[in-house]
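Listed below are the residues making up each chain.
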Amino acid sequence: MNYQDTINWMFQQLPMYQNKGKTAFKKDLSNTLSFSEHLGEPQNKFKSIHVGGTNGKGSTSHMLASILQEAGYKVGLYTSPHLKDFRERIRINGRVVSKQFVIGFVRRNRIFLKNNQLSFFEMTVGMAFDYFEKQKVDIALIEVGLGGRLDSTNIIRPELSVITNIGFDHMQFLGNTLDKIAKEKAGIIKNKIPVVIGETQNETKNVFKEKAKLTKSEIYFADQLIDYVLESDLKGSYQIHNIKTVLQSIEILRQSHFNISKAQLLKGLLNVSKNTGFMGRWQVLGHRPKVICDTAHNKEGLSFTIEQLKTETFNRLHMVLGFVSDKDLNSIAALLPKDAIYYFCKPNVQRGLDAKILQDFMRNNNCIGNTYYSVEEALLTAKSMAEKQDLIYIGGSTFVVAEII
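Presented here is a report on the structure given in the accompanying data block. These figures come from a predicted structure and were not determined experimentally.

1. A word on unusual backbone geometry
In step 1: Cis geometry is adopted by the peptide bond preceding Pro81, which originates at Ser80 and carries an omega value of -10°.
In step 2: For Pro81, the location among the structural elements is in the loop between β2 (75-78) and β3 (90-92).
In step 3: In this structure, Pro289 follows Arg288 across a cis peptide bond, with omega equal to 0°.
In step 4: Note that Pro289 resides in the loop between β9 (283-286) and β10 (290-293).

See below:
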């Protein structure tokens, strides 16, 4: 199989959360552990940092990777989902994994993958760990896919665990209260491994404190300990929280004998996109009219982007919006500006919410607009309708942004 054949086989043969949702979710780590044993336990042969949380874990992972790269380390970076190409999920010093490695990995392990019916995510995690071990990275940033306790990434023993914050997302798997969700996320806290919590929340702080006490882990609440913010090329008001989380994490890594100078820290924060290929977070795609996209896709994430929109100067706001079908639209609709012009669309994934259903729901919440066959058609229409002093925002889902970036 060539690269495209290999990718098609992976997407079609195996349960994939971004397409299928709940049916792709596994309730234990047995598959991941058996695949790891089959591969020779690669995750035990490189240092790692485990990054979880509801929002901001992608930005935090990329910032930390960029800083460590500037400090001269060979840095692996595993994130999900991808925007354009599967290989974005697995990088070393910003360079995506080669097509040949992907082809070879699937070819070498195809019998095991089929016989054991691994999920898409289980297989991809194994691929990343195998690649980082073979390439002899100095350290790898490993972003949790979903939750924490039962996530396929949760077989590593990291140098540091990071949990950015807790919000209402993926509640059908993780629970319907912040306390329950926090308990799942706290599953990445390991015995005697320090943990950084990005944001102190009354509903969750004791969950993390109790777990850290149980595991004898030093716990650091970044927002209580860091009283300054440094500039980053990642814009968006919500990045302030992520930057504080990163600064606290760097403090702990320095204590663990990682050599990171102030200059390397500053340069790393200012060159995240360049160093890591990061895309889709408050990214400006055009001017006159200004076009901004953002992958925020739940109440907590969108509350920040909507507040950020209020700081922009424009005549009319045009919102190109699409969601996946398992989002809590009630909480999201309350945040959305009622005076914007809406362009409703369905992201091109199996889980995508039908644009007509979205339109009807939003109309009942005084958000008025038309439906469009695709994200691209919605954006093209918005551009044709907008004047030079207007602003176009594209978002609601990572998969909406992926189609236009």
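2. Focus: the nonpolar core
In step 1: Counting residues in each nonpolar core, the largest one holds 35 residues, and the members touching the most others are Met10, Met127 and Phe132.
In step 2: Contributions of two or more residues to this core are made by α1 (3-13), α3 (30-39), β3, α5 (99-116), α6 (120-134) and β5 (139-143).
In step 3: For this core, the leading source of residues is α6, giving nine residues.
In step 4: Among all residues touching Met10, those that are not within four sequence positions of it are Phe86, Val102, Val106, Phe120, Met123, Thr124 and Met127.
In step 5: Core analysis: the next-biggest nonpolar cluster, separate from the first, contains 33 residues, Ala71, Ile139, Leu141 and Ile250 among them.

3. A short note on the sheet that holds β9
In step 1: Spatial ordering of the open sheet is given by β9-β10-β14-β11-β12-β13, a layout of six strands whose pairing is mixed. Where the open sheet ends on each side, the last strands, each with one partner, are β9 and β13 (369-371). Shown here is a sheet whose adjacent strand axes are inclined to one another by a mean of 20°, direction ignored.
In step 2: Inspection of the sheet shows β10 paired to strand β14 (residues 391-395) by four bridges, in the parallel sense. Across the sheet, residue Ile292 finds its bridge partner in β14, namely Tyr393.
In step 3: Across the sheet, helix α14 (residues 299-310) lies against β11 (317-321) and β14, angled at about 175° from β14, the strand it touches most.
In step 4: Most of the contacts of helix α17 (residues 375-385) go to β11, to which it runs at about 175°, and overall it touches β10, β11, β12 (341-344) and β14.

4. Remarks on the side chain of Thr153
In step 1: Looking at where Thr153 falls in the secondary structure, it is placed in the loop between β5 and β6 (160-163).
In step 2: Overall, Thr153 belongs to the buried group, its relative accessible area being 0%.
In step 3: Engagement of the side chain of Thr153 in a polar contact is seen with the side chain of His50, the distance being 2.8 Å.
In step 4: Of note is the side chain of Thr153, whose polar atom sits 2.5 Å from the side chain of Asp151.
In step 5: Ignoring sequence-local partners within four residues, the contact set of Thr153 consists of His50, Tyr78, Phe121, Val125, Phe129, Ile142, Glu143 and Val144.

5. As for the sheet that holds strand β7 (residues 195-197)
Whenever strands of a sheet pair, they do so through backbone hydrogen bonds, lying parallel or antiparallel.
In step 1: Pairing within the open sheet is mixed, and its eight strands lie in the order β4-β3-β2-β5-β1-β6-β7-β8. Two strands lie at the open edges of the sheet, namely β4 (95-96) and β8 (219-221), each paired on one side alone.
In step 2: Pairing of β6 with β7 involves three bridges; the strand directions are parallel. The partner of Ser161 across the bridge, within β7, is Val195.
In step 3: Contacts from helix α4 (residues 57-70) reach β1 (47-52), β2, β5 and β6, with the element oriented near 170° to β5.

Definitions and limits used
- All residue numbers refer to positions counted from 1 along the written sequence of the respective chain.
- Totals for whole chains, interfaces and linings use every residue, but because this is a predicted model, local features are given only for residues with pLDDT of at least 70 and side-chain atom pairs only at 80 or more, for both listing and counting.
- Note that the side-chain values use all heavy atoms of the structure and ignore hydrogens as well as water.
- The secondary structure listing takes helices from DSSP runs of H or I that are at least 4 residues long and strands from runs of E that are at least 2 residues long, numbered from the N terminus.
- Here, nonpolar core means buried Ala, Val, Leu, Ile, Met, Phe, Trp, Tyr and Cys residues that are tied together by side-chain atoms lying within 4.5 Å of each other.
- The cut-offs for exposure are 20% and 50% of the maximum accessible area for each residue type, with area from a 1.4 Å probe on protein chains only; residues under the lower value are buried, those over the upper are exposed, and the others partly exposed.
- Residue contacts are counted whenever heavy atoms from the two residues lie within 4.5 Å of one another.
- By the convention used here, strands pair only if DSSP detects at least 2 bridges between them.
- Lines fitted to C-alpha atoms define the axes here, with helix axes fitted over just the stretch in contact, and angles between the N-to-C directions of these axes take values from 0 to 180 degrees.
- Identification of polar contacts relies on pairs of N or O atoms within 3.5 Å, with a donor-acceptor requirement for protein atoms, meaning one able to donate a hydrogen and the other able to accept it, and with residues adjacent in sequence counted only if both atoms are side-chain atoms.

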